[in-house]
Amino acid sequence: MELGMVGLGRMGGNMSRRLMRQNHKMFVWDASPAAVQSLAKEGATGASTLADMVRAMKTPRAVWIMLPAGAITDATMTELSQLLTSGDTVIDGGNSYYLDDLRHAEELGKKGIHFVDCGTSGGVWGLERGYCLMMGGEKDVVQRLDPIFRSLAPGRGSLEPTPHRENRKSSTAELGYLHCGPVGSGHFVKMVHNGIEYGLMQAYAEGFQILKQVSGDNIPASRRYELDLADVAEVWRRGSVVASWLLDLTAGSLAKSPDLGEYSGYVADSGEGRWTILAAIEENVPATVLSHALYNRFRSREEHAYADKMLSAMRAGFGGHVEQKTPDHKK
């Protein structure tokens, strides 16, 4: 299929590469000419402007936006609404707020342009591993774009099928992508996914800080343990019930630098954690773990603990997130 990709950063660039590897024809544009030129050298059709990219594509067009949520996505959506025509489709694969999806779908719908929201998980590893995709939108539109989603997704791989799913053979969930429902549902599912991610990361971070500080002076000498945290993480990866990709990343970070000295412990949040808590409040759900994880990120910006450095290491591992440097940051 043909697909236009707007935004060629850590995610958009590698998604374009993965699609080209599976013989999809990519049209690409980014505010950075260097990013466009890089993809063009690999086989994509680069464009110097968004309008040029749209003009080069055949109708009905599908354009994927992979940009930060908020103002830049809003502005790009507005520009596309003036360039695309009835029957075309815009896919927002960024981490947009699901309520914004409803507004975007309404605005584009006035011109007959379809809208699909797509929560995308996979980070900097997605090129090789594939991306977990959660889509919201009209069923027939999502089905028409199935070759794109199928190519981006991980597929079944070596993961054993979940027992008792024999009556769900029509579902694509086992392939790593899922049409969740109407517009907004894809980003809603991804929002909660990221809220859970905050909680999982916080649990690992707090646990490893407990392991680290058992050697401290405030612990009686007879009960102090000098634990090798890199080895603890490694043994937990093998047969433990807490094994996970996040633990894999933690083990790698600890093997490289046990004290995590390259991190300040200033932990950012990208919005989804906050939105998950707002949804929990609206639904009267006591999301105590997820709330604590979010508030701890706020606290980390005032005082930095070892656990905070571990959170930063995990974020760098799966998403390539770079810490915001603070005055007391030490290399």
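1. Some details on the nonpolar core
Inference 1: With 31 residues, the main nonpolar core has Leu3, Met5, Trp64 and Phe149 as its most contacted residues.
Inference 2: Counting residues in hydrophobic clusters, the runner-up holds 24 residues, among them Leu211, Leu229, Val232 and Met310.

2. Looking at the side chain of Glu2
Inference 1: Relative to the helices and strands, Glu2 is located in strand β1 (residues 2-6).
Inference 2: One buried charged side chain, Glu2, makes no salt bridge at all; its nearest oppositely charged neighbour is Lys58, positioned 4.5 Å away.
Inference 3: At a separation of 3.0 Å, a polar atom in the side chain of Glu2 contacts the main-chain amide nitrogen of Lys58.
Inference 4: Excluding residues that lie within four positions of it along the chain, Glu2 makes contacts with Lys25, Phe27, Met57, Lys58 and Ala62.

3. Here we look at the confidence of the model for the protein chain
Inference 1: Confidence along the protein chain averages 94 in pLDDT terms, with 98% of residues attaining 70 or more.
Inference 2: Of the regions scoring below 50 in pLDDT, residues 327-331 engages in eight contacts with residues more than four places distant in sequence or in other chains.

4. Observations concerning the packing of aromatic side chains
Inference 1: Counted under the stated rule, the structure contains seven aromatic pairs.
Inference 2: On the numbers, 5.3 Å between centres and 85° between planes, the contact of Tyr97 with Tyr98 is edge-to-face. Of the two residues, Tyr97 and Tyr98, both sit in the buried class.
Inference 3: Relative to Phe298, the ring of Tyr295 has its centre 6.1 Å away and its plane inclined at 45°; by these criteria the two rings are tilted. Placement of both Tyr295 and Phe298 in helix α13 (residues 288-300) is noted, with a separation of three residues, approximately one turn of the helix.
Inference 4: Using a relative accessible area of 48% as the deciding quantity, one classes Tyr295 as partly exposed.
Inference 5: Cation over ring: Arg129 sits above Trp245, and NZ or CZ is 4.1 Å from the ring centre.
Inference 6: Of note, Arg297 hangs over the ring of Tyr198, and the distance from its end group to the ring centre comes to 3.7 Å.

Scoring rules and cut-offs
Residues numbered from 1 in each chain as written. Predicted model: local features only at pLDDT ≥ 70, side-chain atom pairs only at ≥ 80, totals over all residues. Heavy atoms only, no water. Core = buried A, V, L, I, M, F, W, Y, C linked by side-chain atoms within 4.5 Å. Buried < 20%, exposed > 50% of the residue type's maximum accessible area, 1.4 Å probe, protein only. Helix = DSSP H or I, 4+ residues; strand = E, 2+ residues; numbered from the N terminus. Lys, Arg positive; Asp, Glu negative; His and termini not counted. Salt bridge = Lys/Arg side-chain N within 4 Å of Asp/Glu carboxyl O. Polar contact = N/O pair within 3.5 Å; in protein donor to acceptor, adjacent residues only side chain to side chain. Contact = heavy atoms within 4.5 Å. pLDDT = per-residue confidence, 0-100. Phe/Tyr/Trp six-rings, centres within 6.5 Å; stacked < 30°, edge-to-face > 60°. Lys NZ or Arg CZ within 6 Å of the ring centre and 35° of its normal.

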